[in-house]
Amino acid sequence: MPAERTFPLAVGFLGAGQMATALASAWAKAGLLDVSRSRAADPYPDARAKFQSATGIATTETNRDVLAACDVLVLAVKPQVMSAVLDEIKPAISAAHLIVSIAAGVTLKTLGDGLGADTKLVRVMPNTPCLVSASATGFSPGATATPDDAALVERLFTAVGMAYRVPEHLLDAVTGLSGSGPAFVYLFIEALADGGVRCGLPRAVAQSLAAQTVLGAARMVLETGQHPGALKDAVASPGGTTIAGIHALERAAFRAAAMDAVEAATKRAQELGKKE
């Protein structure tokens, strides 16, 4: 029986890219990760150097070294190399290891087939605002993961934003909404800024106003708990400027376009999962 895990943890990262670096930095800052005992592996020297410089965590070229030092492992490699990584580490996986995969489209079945049916697995879909500790994450534990394993993963990813447990079949919808969503929001911010420039604002001022407006509106939704429609109605005075702008958005099918974008991204995630 594996020993009970206590914080701070010795966390191993297979892959030392931006997401791994952001997670390691945030978890260390939150006191959840022991920098001295954690490890990261990556085949690229530049990636290892950047990771170690940013986090203070020792790095290695060899995945097996990480498995020997840590029992919580984050698979942060590209989906296209996952099969080779699973083949490499399978002989070193023990009952003590908890595998946390943040690789998009790689299912629990694929991970289990590659590492063994008894391996404790949790599949996680964070998004890029993890880099600024504002991630929106969905996670799904495998059948052999314990309630303590699920609670540990929830605690880790809550430290970098919000984390919601969902059935695995809904992780594609998480991918379509919060995984791809930042790009949709960036497009909206750019469009708002372009509108400001068209109306005479300097580019830098327009961009800052647009980004702050989106940030403030998001905080209003999260902190007040009110429905976005109610908050929208509070801004839209009868015959005023806001309702005129909303009318223009409705004429352009803005809401339907946003819904279609999430649906298209979700379907694409489902397609990628079937190609494994």
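Residues numbered from 1 in each chain as written. Predicted model: local features only at pLDDT ≥ 70, side-chain atom pairs only at ≥ 80, totals over all residues. Heavy atoms only, no water.

Requested: an account of the side chain of serine 101, with residues and values cited.
Mapped onto the fold, serine 101 is located in strand 5 (residues 98-101). With relative accessibility at 0%, the residue serine 101 sits in the buried group. Separated by 3.3 Å, the side chain of serine 101 and the backbone nitrogen of alanine 103 make a polar contact. (Helix = DSSP H or I, 4+ residues; strand = E, 2+ residues; numbered from the N terminus. Buried < 20%, exposed > 50% of the residue type's maximum accessible area, 1.4 Å probe, protein only. Polar contact = N/O pair within 3.5 Å; in protein donor to acceptor, adjacent residues only side chain to side chain.)

So what's going on with helix 9 (residues 203-224)? Residues and values would help.
In a regular helix each residue adds 1.5 Å, so 22 residues correspond to 32 Å; helix 9 covers 31 Å between its end C-alpha atoms and thus fits that length. Directly after helix 9, the chain includes glycine 225, whose backbone phi takes a positive value near 75°. (Expected span 1.5 Å × (residues − 1).)

Kindly report on the pattern of salt bridges, identifying the contributing residues and their values.
Under the counting rule described, the total for this entry stands at twelve salt bridges. Of the charged contacts, one joins aspartate 71 and arginine 5 as a salt bridge, the two residues approaching to 3.7 Å between their closest N and O atoms. Here arginine 5 lies in the segment before strand 1 (11-14) and aspartate 71 lies in the loop between helix 3 (63-69) and strand 4 (72-75), a separation of 66 residues in the sequence. Aspartate 71 gets classed as partly exposed once you look at its relative accessible area, which sits at 27%. Each of Arg5, Asp71, Lys120 and Asp149 takes part in a single network of salt bridges with overlapping partners. (Salt bridge = Lys/Arg side-chain N within 4 Å of Asp/Glu carboxyl O.)

Can you tell me about the packing of aromatic side chains, naming the residues and giving the values?
In the structure shown here, the tally under the stated rule is four aromatic pairs. Centre to centre, the rings of phenylalanine 13 and phenylalanine 51 are 5.7 Å apart; their planes meet at 55°, and the pair counts as tilted. Highlighted residues: phenylalanine 13 in strand 1 and phenylalanine 51 in helix 2 (residues 45-55), separated in sequence by 38 residues. The exposure class of phenylalanine 13 is buried, given its relative accessible area of 0%. Seen in terms of ring centroids, phenylalanine 188 and phenylalanine 254 are 5.7 Å apart; in terms of plane orientation they differ by 45°. Their pairing is tilted. Taken as a pair, phenylalanine 188 in helix 8 (residues 181-198) and phenylalanine 254 in helix 12 (residues 254-274) lie far apart in primary sequence, 66 residues in all. Every member of this aromatic cluster is reached through a ring pair, and the members are Phe13, Trp27, Phe51 and Phe157. When the ring centre of phenylalanine 7 is taken as origin, the NZ or CZ atom of arginine 155, which lies over that ring, is 4.1 Å away. (Phe/Tyr/Trp six-rings, centres within 6.5 Å; stacked < 30°, edge-to-face > 60°. Lys NZ or Arg CZ within 6 Å of the ring centre and 35° of its normal.)

Would you mind going over the UniProt feature "domain: Pyrroline-5-carboxylate reductase dimerisation" (unreviewed entry) in the chain in detail, with residue names and values included?
Following the UniProt record, one finds the feature "domain: Pyrroline-5-carboxylate reductase dimerisation" (unreviewed entry) at residues 168-272. Taken end to end, residues 168-272 comprises 83% helix and 0% strand; its first and last C-alpha atoms sit 15 Å apart. (UniProt positions renumbered as here; feature names shortened; annotations may be inferred.)

Describe the sheet that holds strand 3 (residues 58-60), with residues and values.
Reading across the sheet, the eight strands line up as 3-2-1-4-5-6-7-8 and stay open at both edges, with mixed pairing between neighbours. Looking at strand neighbours, the two that pair on one side only are strand 3 and strand 8 (161-165), the edges of this open sheet. Direction aside, the axes of adjacent strands within the sheet are offset by 25° on average. The strands that helix 5 (residues 108-115) touches are strand 4, strand 5, strand 6 (120-125) and strand 7 (135-141); relative to strand 6, the one it contacts most, it runs at about 145°. Along the sheet, helix 7 (residues 171-179) makes contact with strand 6 and strand 7, crossing strand 6 at roughly 35°. (Pairing = 2+ DSSP bridges. Axes fitted to C-alpha atoms, helices over the stretch in contact; angles between N-to-C directions. Contact = heavy atoms within 4.5 Å.)

Lay out the environment of leucine 23 in plain terms, naming residues and giving numbers.
Considering the arrangement of structural elements, one finds leucine 23 in helix 1 (residues 18-29). Assessed through its relative accessible area of 0%, leucine 23 is described here as buried. Filtering out sequence-adjacent residues up to four positions away, leucine 23 remains in contact with Phe13, Ile102, Cys130, Phe157 and Val160.

Which residues make up the pairing of strand 7, and what are the values?
When you tally the buried positions in strand 7, you get six out of seven residues, the bulk of the element. In this structure, strand 6 lies alongside strand 7, joined through four bridges in antiparallel fashion. Bridge pairing in strand 7 places arginine 123 opposite serine 140. Note: strand 7 against strand 8, five bridges, orientation parallel. Residue serine 135 lies in a different strand from strand 8, and its bridge partner there is glycine 161. Once the chain exits strand 7 it traverses helix 6 (residues 147-158) before rejoining the sheet at strand 8, and the crossover so formed is right-handed. (Right-handed = clockwise from strand over helix to strand, strands pointing away.)

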